[in-house]
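The primary structure of each chain is shown beneath.
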Amino acid sequence: MHSQLKPFNLPDAEVYFSADFIPAPESNLYFDRLMQEVNWQQESIKMFGRNLPMPRLTAWYGDRSYTYSGLHNKPQLWLPVLQELRQQVEQASGHKYNSVLLNLYRTGQDSMGWHSDNEPELGQQPSIASLNFGGERRFAFKHRTRKDLKPFAFTLTNGSLLLMQGPTQHHWLHQVPKTAKPVPPRINLTFRCVNS
Ligand SMILES: O=C(O)CCC(=O)C(=O)O
(Lines give C-alpha, C1' and ligand atoms only; values in the text may rest on other atoms or scores of the structure.)
Protein backbone atom coordinates (compact mmCIF):
# COMPACT_ATOMS: atom_id res chain seq x y z
CA MET A 1 0.00 0.00 0.00
CA HIS A 2 1.35 3.42 -1.03
CA SER A 3 2.31 5.64 1.94
CA GLN A 4 0.30 8.57 0.46
CA LEU A 5 -2.90 6.53 0.87
CA LYS A 6 -4.44 7.20 4.31
CA PRO A 7 -7.18 4.98 5.74
CA PHE A 8 -10.66 6.38 6.45
CA ASN A 9 -12.21 5.34 9.72
CA LEU A 10 -15.43 3.78 8.27
CA PRO A 11 -16.90 0.65 9.93
CA ASP A 12 -17.60 -2.36 7.64
CA ALA A 13 -15.29 -0.86 5.02
CA GLU A 14 -11.72 -0.59 3.85
CA VAL A 15 -11.22 2.83 2.26
CA TYR A 16 -8.00 4.76 1.62
CA PHE A 17 -7.53 8.24 0.19
CA SER A 18 -4.74 10.42 -1.13
CA ALA A 19 -5.76 14.03 -1.90
CA ASP A 20 -2.76 14.69 -4.16
CA PHE A 21 -1.77 11.33 -5.58
CA ILE A 22 -0.91 13.02 -8.91
CA PRO A 23 -0.05 16.65 -8.05
CA ALA A 24 -0.52 19.63 -10.40
CA PRO A 25 0.68 20.47 -13.00
CA GLU A 26 0.85 16.76 -14.02
CA SER A 27 -2.80 16.21 -13.05
CA ASN A 28 -3.87 19.10 -15.33
CA LEU A 29 -1.98 17.56 -18.25
CA TYR A 30 -3.72 14.23 -17.63
CA PHE A 31 -7.10 16.01 -17.58
CA ASP A 32 -6.38 17.57 -21.00
CA ARG A 33 -5.15 14.30 -22.50
CA LEU A 34 -8.19 12.39 -21.24
CA MET A 35 -10.58 15.06 -22.55
CA GLN A 36 -9.03 14.81 -26.00
CA GLU A 37 -8.12 11.14 -26.36
CA VAL A 38 -10.99 9.26 -24.69
CA ASN A 39 -13.91 8.19 -26.87
CA TRP A 40 -16.60 9.82 -24.70
CA GLN A 41 -20.16 8.53 -25.21
CA GLN A 42 -23.59 9.82 -24.24
CA GLU A 43 -25.38 6.67 -23.05
CA SER A 44 -29.00 6.47 -21.99
CA ILE A 45 -30.65 4.76 -19.04
CA LYS A 46 -34.16 3.35 -18.84
CA MET A 47 -36.12 4.96 -16.00
CA PHE A 48 -39.86 4.69 -15.42
CA GLY A 49 -40.19 3.07 -18.87
CA ARG A 50 -38.45 5.98 -20.63
CA ASN A 51 -34.98 6.23 -22.14
CA LEU A 52 -33.20 9.22 -20.58
CA PRO A 53 -29.68 10.51 -21.29
CA MET A 54 -27.24 9.62 -18.49
CA PRO A 55 -26.27 12.73 -16.53
CA ARG A 56 -22.60 12.40 -17.54
CA LEU A 57 -20.51 11.07 -20.46
CA THR A 58 -18.86 7.67 -20.10
CA ALA A 59 -16.27 5.38 -21.68
CA TRP A 60 -15.16 1.82 -20.97
CA TYR A 61 -11.71 0.44 -21.73
CA GLY A 62 -10.24 -2.92 -20.84
CA ASP A 63 -9.69 -6.54 -21.57
CA ARG A 64 -13.26 -7.70 -20.82
CA SER A 65 -16.82 -6.54 -21.54
CA TYR A 66 -18.87 -5.47 -18.54
CA THR A 67 -22.55 -4.81 -17.77
CA TYR A 68 -23.64 -2.07 -15.36
CA SER A 69 -26.88 -0.08 -15.05
CA GLY A 70 -28.27 -2.46 -17.70
CA LEU A 71 -25.64 -1.28 -20.23
CA HIS A 72 -23.44 -3.83 -21.91
CA ASN A 73 -20.02 -2.27 -22.43
CA LYS A 74 -17.90 -3.67 -25.23
CA PRO A 75 -14.23 -3.14 -24.37
CA GLN A 76 -12.09 -0.68 -26.30
CA LEU A 77 -8.33 -1.22 -26.41
CA TRP A 78 -6.29 0.49 -23.68
CA LEU A 79 -5.03 3.95 -24.66
CA PRO A 80 -1.40 4.74 -23.70
CA VAL A 81 -2.61 7.41 -21.23
CA LEU A 82 -4.84 4.83 -19.52
CA GLN A 83 -2.02 2.28 -19.39
CA GLU A 84 0.22 4.88 -17.71
CA LEU A 85 -2.40 5.70 -15.10
CA ARG A 86 -3.24 2.04 -14.53
CA GLN A 87 0.41 1.30 -13.78
CA GLN A 88 0.62 4.09 -11.18
CA VAL A 89 -2.61 3.02 -9.50
CA GLU A 90 -1.64 -0.68 -9.46
CA GLN A 91 1.68 0.19 -7.85
CA ALA A 92 -0.05 2.24 -5.15
CA SER A 93 -2.79 -0.24 -4.32
CA GLY A 94 -0.94 -3.52 -4.81
CA HIS A 95 -3.88 -4.80 -6.93
CA LYS A 96 -4.18 -5.58 -10.65
CA TYR A 97 -6.94 -4.05 -12.79
CA ASN A 98 -8.06 -5.22 -16.25
CA SER A 99 -10.72 -2.54 -16.94
CA VAL A 100 -11.50 1.10 -16.39
CA LEU A 101 -14.81 2.98 -16.46
CA LEU A 102 -14.45 6.71 -17.14
CA ASN A 103 -17.03 9.36 -16.25
CA LEU A 104 -17.02 12.95 -17.44
CA TYR A 105 -19.08 15.34 -15.30
CA ARG A 106 -19.46 18.32 -17.66
CA THR A 107 -21.17 20.65 -15.13
CA GLY A 108 -22.54 20.54 -11.58
CA GLN A 109 -25.74 19.12 -13.06
CA ASP A 110 -23.95 15.91 -14.05
CA SER A 111 -23.99 13.35 -11.26
CA MET A 112 -24.06 9.70 -10.22
CA GLY A 113 -26.80 8.40 -7.92
CA TRP A 114 -26.52 6.03 -4.92
CA HIS A 115 -25.12 2.65 -5.93
CA SER A 116 -22.37 0.20 -5.09
CA ASP A 117 -19.93 -1.49 -7.43
CA ASN A 118 -21.17 -4.97 -6.60
CA GLU A 119 -21.71 -6.59 -10.00
CA PRO A 120 -21.02 -10.35 -9.71
CA GLU A 121 -18.14 -10.20 -12.24
CA LEU A 122 -16.22 -7.96 -9.81
CA GLY A 123 -16.09 -10.74 -7.20
CA GLN A 124 -16.93 -10.75 -3.47
CA GLN A 125 -14.52 -8.10 -2.18
CA PRO A 126 -13.51 -6.00 -5.20
CA SER A 127 -10.69 -3.47 -5.15
CA ILE A 128 -11.89 -0.30 -6.92
CA ALA A 129 -9.32 2.44 -7.51
CA SER A 130 -10.94 5.77 -8.31
CA LEU A 131 -8.77 8.52 -9.78
CA ASN A 132 -9.94 12.13 -10.21
CA PHE A 133 -8.95 15.02 -12.47
CA GLY A 134 -10.35 18.52 -12.93
CA GLY A 135 -13.08 20.16 -10.86
CA GLU A 136 -13.68 19.20 -7.25
CA ARG A 137 -16.88 17.33 -6.40
CA ARG A 138 -18.38 15.96 -3.18
CA PHE A 139 -18.47 12.18 -2.80
CA ALA A 140 -20.73 10.56 -0.22
CA PHE A 141 -20.98 7.14 1.43
CA LYS A 142 -24.18 5.76 2.99
CA HIS A 143 -24.38 2.48 4.94
CA ARG A 144 -26.94 0.06 3.48
CA THR A 145 -28.47 -1.09 6.76
CA ARG A 146 -27.03 0.75 9.80
CA LYS A 147 -29.18 3.79 10.38
CA ASP A 148 -27.03 4.81 13.38
CA LEU A 149 -24.20 5.66 10.98
CA LYS A 150 -24.58 9.06 9.32
CA PRO A 151 -23.72 9.41 5.60
CA PHE A 152 -20.10 10.45 5.23
CA ALA A 153 -19.09 12.99 2.55
CA PHE A 154 -15.78 14.50 1.49
CA THR A 155 -14.27 16.32 -1.51
CA LEU A 156 -12.54 14.53 -4.36
CA THR A 157 -9.74 16.87 -5.43
CA ASN A 158 -7.81 17.19 -8.70
CA GLY A 159 -5.25 14.35 -8.80
CA SER A 160 -6.76 12.46 -5.85
CA LEU A 161 -7.00 8.67 -5.52
CA LEU A 162 -9.73 6.87 -3.57
CA LEU A 163 -9.29 3.16 -2.98
CA MET A 164 -12.32 1.09 -1.92
CA GLN A 165 -11.81 -2.57 -1.11
CA GLY A 166 -12.59 -5.40 1.33
CA PRO A 167 -16.26 -5.37 2.41
CA THR A 168 -16.88 -1.72 1.34
CA GLN A 169 -19.14 -2.44 -1.68
CA HIS A 170 -21.11 -5.01 0.31
CA HIS A 171 -22.06 -2.59 3.11
CA TRP A 172 -21.90 0.91 1.64
CA LEU A 173 -23.47 2.83 -1.24
CA HIS A 174 -21.76 5.86 -2.78
CA GLN A 175 -22.79 8.80 -4.92
CA VAL A 176 -21.64 12.05 -6.57
CA PRO A 177 -24.57 14.44 -6.06
CA LYS A 178 -25.48 17.34 -8.30
CA THR A 179 -24.35 20.78 -7.14
CA ALA A 180 -25.81 24.22 -7.84
CA LYS A 181 -22.31 25.75 -7.54
CA PRO A 182 -20.56 26.52 -10.84
CA VAL A 183 -17.84 23.84 -11.04
CA PRO A 184 -15.27 23.05 -13.73
CA PRO A 185 -15.62 19.74 -15.61
CA ARG A 186 -14.36 16.66 -13.79
CA ILE A 187 -13.07 13.32 -15.04
CA ASN A 188 -13.22 10.20 -12.86
CA LEU A 189 -11.63 6.84 -13.67
CA THR A 190 -12.57 3.72 -11.73
CA PHE A 191 -10.11 0.89 -12.28
CA ARG A 192 -11.60 -2.56 -11.67
CA CYS A 193 -10.78 -6.22 -12.15
CA VAL A 194 -13.58 -7.95 -14.07
CA ASN A 195 -13.59 -11.77 -13.91
CA SER A 196 -14.84 -13.75 -16.90
O1 LIG B 1 -17.26 9.91 -10.11
C2 LIG B 1 -17.08 9.28 -9.09
O3 LIG B 1 -16.28 9.63 -8.24
C4 LIG B 1 -17.91 8.04 -8.83
C5 LIG B 1 -17.75 6.99 -9.86
C6 LIG B 1 -18.48 5.75 -9.49
O7 LIG B 1 -19.09 5.68 -8.46
C8 LIG B 1 -18.48 4.60 -10.37
O9 LIG B 1 -17.93 4.68 -11.49
O10 LIG B 1 -19.04 3.57 -9.97
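Look up a bit, the structure's there.
Residues numbered from 1 in each chain as written. Predicted model: local features only at pLDDT ≥ 70, side-chain atom pairs only at ≥ 80, totals over all residues. Heavy atoms only, no water.

## Quick notes on the sheet that holds strand β8 (residues 99-105)
Here is the rule we go by: Any two strands with at least two DSSP bridges between them are considered paired. Numbered from the N terminus, helices here are DSSP runs of H or I no shorter than four residues, and strands are runs of E no shorter than two. Two residues qualify as a contact provided that any one of their heavy atoms is within 4.5 Å of a heavy atom in the partner residue. Axis lines are fitted through C-alpha atoms, for helices just across the contact stretch, and the angle between N-to-C directions can take any value from 0 to 180 degrees.
The seven strands lie next to each other as β1-β2-β13-β10-β15-β8-β5, forming an open sheet whose pairing is antiparallel. Unpaired on one side and paired on the other, β1 (6-7) and β5 (57-62) mark the two borders of the sheet. Bridge count between strand β10 (residues 128-134) and strand β13 (residues 161-165): four bridges; the pairing is antiparallel. By the bridge assignment for β13, L131 is matched with L161. Seen against the sheet, helix α2 (residues 80-93) touches β5, β8, β10, β13 and β15 (186-192) and runs at an angle of roughly 60° to β15.

## Observations regarding unusual backbone geometry
In this structure, the amide linkage connecting A24 to the following residue, P25, adopts the cis form with an omega of 10°. Tracing the chain through its elements places P25 in the loop between β2 (14-18) and α1 (26-37). Positive phi is not limited to glycine here, since D12 has a value of about 60°. Inspection of the secondary structure assignment puts D12 in the loop between β1 and β2. One non-glycine residue, F48, lies in the positive phi region at around 50°. With respect to the element layout, F48 can be found in the loop between β3 (44-47) and β4 (50-53).

## A closer look at the site of the ligand
This is how the line gets drawn: Only a single heavy atom is needed: when it lies within 4 Å of a molecule or strand, its residue is near that molecule or strand. Polar contact is defined as a pair of N or O atoms within 3.5 Å, subject to the rule that within protein one atom must be able to donate a hydrogen and the other to accept it, and that residues adjacent in sequence are counted only when both atoms are side-chain atoms. Only the protein chains shown count as cover for residues, and the accessible areas themselves come from Shrake-Rupley with a 1.4 Å probe. For this scheme, ten residues count as nonpolar: Ala, Val, Leu, Ile, Met, Phe, Trp, Tyr, Cys and Pro. Four count as charged, namely Asp, Glu, Lys and Arg, and the remainder, Gly too, count as polar.
In the region of the ligand, 14 residues are neighbours, and Y105, H115, D117, H174 and R186 sit closest. Here an oxygen atom of the ligand sits 3.3 Å away from a polar atom, N or O, in the side chain of N188. Contact with the protein chains hides 97% of the accessible area of the ligand, taken as 300 Å² for the molecule alone. Those elements that provide at least two residues to the shell around the ligand are β8, β9 (112-115), β14 (172-176) and β15. In terms of residue count, the dominant contributor to the shell around the ligand is β15 (four residues). Along the lines of polarity and charge, the residues of the shell around the ligand split into six nonpolar, five polar and three charged.

## Some details on the environment of L104
Formally: Burial classes: relative accessible area under 20% of the type maximum marks a residue as buried, over 50% as exposed, and values in between as partly exposed (1.4 Å probe, protein chains only).
With respect to the helices, strands and loops of the structure, L104 is situated in strand β8. Accessibility expressed as a relative area gives 4% for L104, which makes it buried. When the C-alpha atoms of L104 and F17 are compared, they prove to be 21 Å apart, with 87 residues separating the residues in sequence.

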